[in-house]
Amino acid sequence: MMKTIKIVLCSIIIIFLLLLGVEFWLGNKIKVRLEQGVSTRTKGAVCLKIGGARVNLLGRTVKLKRVDVMGDSVLLAKHNIPFYTLKGIIDELTIKGIHWKKRDTGVVVQTKKLVLKSSSFEITGKTAGKTDEQVFRGKMGEILNALEIGEINISLEDIRYKQWKKRNWTRTTGRNIHVGAEGFAWNVMSGALARMFSCEALRVSSERVQRELLNGNLVLNVEGLYVGSREGKIKIDSVCLLPLLPKGKYAIKTGQDWTQVKVSNVTAEQWDFGSLLTARLLKVGYVGVQDVTVNSFKNRKIDQPDRVKRLFYEGVQQFPLGLEVQRIDLLHVHVAYEELSKSEETPGKITFNDLSGEFQGLTNVVKANEPFYKLIVRGKLMNAGEFRTTFRLPVASSNGRFQIEGEMGEMDLALLNPMITPLTKIEVESGKVDRMKFRISGDAREATTEMEFLYEDFVITLLREKDGRLKKASTLSDIINGVLVRRNNPERDRVRSGKAVVKRDIYRSQFNYLWHSLFAGIGKIVEG
């Protein structure tokens, strides 16, 4: 009996030692095959240096330790791999429950779990054309046709990706990024994006993601990002768009207007992850955006290249995904716009304070009997004139017509001098708005304004520069106030209304289009 037990124990020990030996041999074999295989298939453009590989046959698990990834910039370009440089460290790569099988004409790799931990990765990429993408996918297709993973956990401590497009570059950096996925599948040879990937659940979080634009002159910074598909939730602690040059120099270097945006909190709820994957539809029930500050500066002393600027609703219509957001709330928004004319040294400035807004049914998906979505905005002009404006914007590109209705209460017109005087050399000496009510209808080419503008005691002063200072042009001011400008509305119990048509300048912003439409209607009334 004892002899039998000893034989069994010895057999178990021998089998265990043999298993360890086989696993050790397989680990070294996998290490060598991976290093040689990657180098061979990329023709030396990408090399791996693996610190160690362990195999667990019973668990069908492979674990790699300290994988250094290195790319040869010359060979990367030569063999149409879409990277200029490639360098990184994978501290750990574990693949559990590995199976592979033949399906149709290719190989399908299935794993229960993939864990990847990386301390650093740095990539410089190029804009891939169709040829580059086809070559890359062709090389992947030589290895496998599909990849199916039950669970993915990826941790990236520090990642940097720089992309060149002609002479311009952008760079994206990420800190402490964690990605989790369940039921992930990648069909390498699929031609359509919607069929290429599938995933049952996704979870993404990051401490910080930063994107440098315009050759490093503009930075988009996102902190505290969380995306969870099972909860249908997206949360961002803060978003900032920060120009890295002073206002006066920004247009010289970039050819664009200086714009700074700061947002303290963004939350999205009832996000439908399934619709995004299967129908390329971004479907969200609710989005909340709080504590927003927008500062913009236009320097007309610097000639900028003409760029056709899309209206907001055109951008929504041309969004690369289907879009359905039931409601968006904008709270505590403050906007300041400055413009420096070619002949002046002081910019004109206008502010919109304590703004709140509400999008209702924001979409680019055309439905019967729903031709518009709505934006309602409330706030103060120059921190004084309280207003409310309703925008009805077209869903379909075949219907380009919009409608805007708004009204504003009492306001001292002299509060507009910080905007008017530097740009026009006109100063409001006195004047008070009792009520303004307007309706604008139009499209991307022209708009018609119907205006009701009730005011009293409106007097302006024309200014001219003398000895380096602006002084009142008294005689000309008296003539204009007496002949061209009507002092009150109503006047002699008669209320004047205004109607005007404005052609849109396609190289100017939507704000400019709206502002000119309003002033055209006001001008018809003030000029009588």
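Preceding this paragraph is the structure being described.
The structure reproduced in this document is the subject of the present report. (Residues numbered from 1 in each chain as written. Predicted model: local features only at pLDDT ≥ 70, side-chain atom pairs only at ≥ 80, totals over all residues. Heavy atoms only, no water.)

Describing helix α5 (residues 247-254)
Of all the residues in α5, the buried ones are Tyr250, Ala251 and Thr254. Buried residues of α5, viewed axially, fall in a sector of 90 degrees; they line one side. Among the exposed residues of α5, those pointing more than 90 degrees away from its buried face are Lys249, Ile252 and Lys253. The inward-facing, buried residues of α5 contact β10 (218-228), β11 (233-243), β12 (258-271) and β13 (281-299). Once α5 ends, the next one or two residues include glycine 255, with phi positive near 75 degrees. (Buried < 20%, exposed > 50% of the residue type's maximum accessible area, 1.4 Å probe, protein only. Helix = DSSP H or I, 4+ residues; strand = E, 2+ residues; numbered from the N terminus. Arc of directions from axis to C-beta. Contact = heavy atoms within 4.5 Å.)

Quick look at a positive patch on the surface
A contiguous patch of positive charge, built from Arg464, Lys466, Arg469 and Lys471, is present on the exposed surface. Relative to the helices and strands, lysine 466 resides in strand β21 (residues 446-466). (Patch = residues over 30% accessible without salt bridge, like charges linked within 9 Å, V, L, I, M, F, W, Y side chains within 5 Å. Areas by Shrake-Rupley, 256 points an atom, 1.4 Å probe, with all protein chains shown as cover. Salt bridge = Lys/Arg side-chain N within 4 Å of Asp/Glu carboxyl O. Lys, Arg positive; Asp, Glu negative; His and termini not counted. Charge placed at Lys NZ, Arg CZ, Asp CG, Glu CD.)

Digging into the nonpolar core
Within soluble globular proteins, side chains that are nonpolar generally end up buried alongside one another. Grouped together as the largest cluster of nonpolar side chains are 94 residues, with contacts concentrated most on Leu381 and Phe453. With seven residues, β21 is the largest single contributor of residues to this core. Residues Tyr250, Trp258, Phe297 and Leu340 belong to the second largest nonpolar core, which totals five residues. (Core = buried A, V, L, I, M, F, W, Y, C linked by side-chain atoms within 4.5 Å.)

Re unusual backbone geometry
Comment: phi is negative for the bulk of residues other than glycine, and the bulk of peptide bonds are trans. A cis amide bond links asparagine 489 with the next residue in sequence, proline 490, at an omega value of 10 degrees. Mapped onto the fold, proline 490 is located in the loop between α9 (474-484) and β23 (497-503). Backbone geometry places asparagine 176, a non-glycine residue, at a positive phi of 50 degrees. Mapped onto the secondary structure, asparagine 176 falls in strand β7 (residues 168-187). Under the relative-accessibility criterion, asparagine 176 is labelled partly exposed at 28%. Positive phi is not limited to glycine here, since asparagine 215 has a value of about 60 degrees. Mapped onto the elements of the fold, asparagine 215 is located in the loop between β9 (201-213) and β10.

A look at the pattern of salt bridges
Pairs can form between side chains of opposite charge whenever their charged atoms are close. For the coordinates displayed, the defined rule picks out 29 salt bridges. For the salt bridge of lysine 309 with aspartate 257, the shortest nitrogen-to-oxygen distance reads 4.0 Å. Of the two residues, lysine 309 is situated in the loop between β13 and α7 (312-317) and aspartate 257 in the loop between α5 and β12; the sequence distance between them amounts to 52 residues. According to the relative accessible area criterion, lysine 309 is partly exposed, its value standing at 29%.

A short note on the packing of aromatic side chains
Enumeration over the complete set of coordinates arrives at 13 aromatic pairs. Pairing tyrosine 337 with phenylalanine 511 gives two aromatic rings, centres 5.8 Å apart and planes at 50 degrees, and the pair type is tilted. On the criterion of sequence distance, the pair formed by tyrosine 337 in strand β14 (residues 322-340) and phenylalanine 511 in helix α10 (residues 510-526) is long-range, its members being 174 residues apart. Between phenylalanine 453 and tyrosine 455 the ring centres are 5.2 Å apart and the planes differ by 35 degrees, which places this aromatic pair in the tilted class. Taken together, the aromatic side chains of Tyr337, Phe352, Phe387, Phe511, Trp515 and Phe519 make up a single cluster linked through ring pairs. (Phe/Tyr/Trp six-rings, centres within 6.5 Å; stacked < 30°, edge-to-face > 60°.)

Remarks on the environment of leucine 156
Position of leucine 156 relative to the elements: it lies in strand β6 (residues 146-165). When the C-alpha positions of leucine 156 and lysine 117 are compared, they lie 6.1 Å apart, and in sequence the two are 39 residues distant. If near-sequence neighbours (up to four positions away) are discounted, leucine 156 is found in contact with Leu116, Ser118, Arg175, Asn176 and Ile177.

What about the pairing of strand β1 (residues 46-56)?
Walk down a regular strand and you will see the side chains alternate between the two sheet faces. Pairing geometry for β1 and strand β2 (residues 61-71), over ten bridges, is antiparallel. In the strand pairing of β2, lysine 49 is matched with aspartate 68. The hairpin formed by β1 and β2 contains four residues between the paired strands, and arginine 60 there has a positive phi angle of roughly 50 degrees. (Pairing = 2+ DSSP bridges.)

Section: the environment of glutamine 304
Here glutamine 304 shows up in the loop between β13 and α7. Here glutamine 304 falls in the partly exposed class, since its relative accessible area comes to 21%. The spacing of glutamine 304 and threonine 254 is 50 residues in sequence and 8.9 Å in space, taken between C-alpha atoms. Setting aside residues up to four positions removed in sequence, glutamine 304 forms contacts with Ala251, Gly255, Gln256, Asp257, Lys298 and Asn299. A distance of 3.0 Å separates polar atoms of two side chains, one belonging to glutamine 304 and the other to aspartate 257. (Polar contact = N/O pair within 3.5 Å; in protein donor to acceptor, adjacent residues only side chain to side chain.)

Side note on the side chain of asparagine 299
Its location among the elements puts asparagine 299 in strand β13. Asparagine 299 gets classed as buried once you look at its relative accessible area, which sits at 6%. A distance of 3.0 Å separates a polar atom in the side chain of asparagine 299 from the backbone nitrogen of lysine 301. Once residues lying within four places of it in the same chain are set aside, the contact partners of asparagine 299 are Gly248, Ala251, Gln304 and Leu340.

Thoughts on the side chain of glutamate 35
Residue placement: glutamate 35 occurs in helix α1 (residues 2-41). In terms of polar contacts, glutamate 35 uses its side chain to reach the backbone amide nitrogen of isoleucine 50, at 2.9 Å. Excluding anything up to four places from it in sequence, glutamate 35 contacts Leu48, Lys49 and Ile50.

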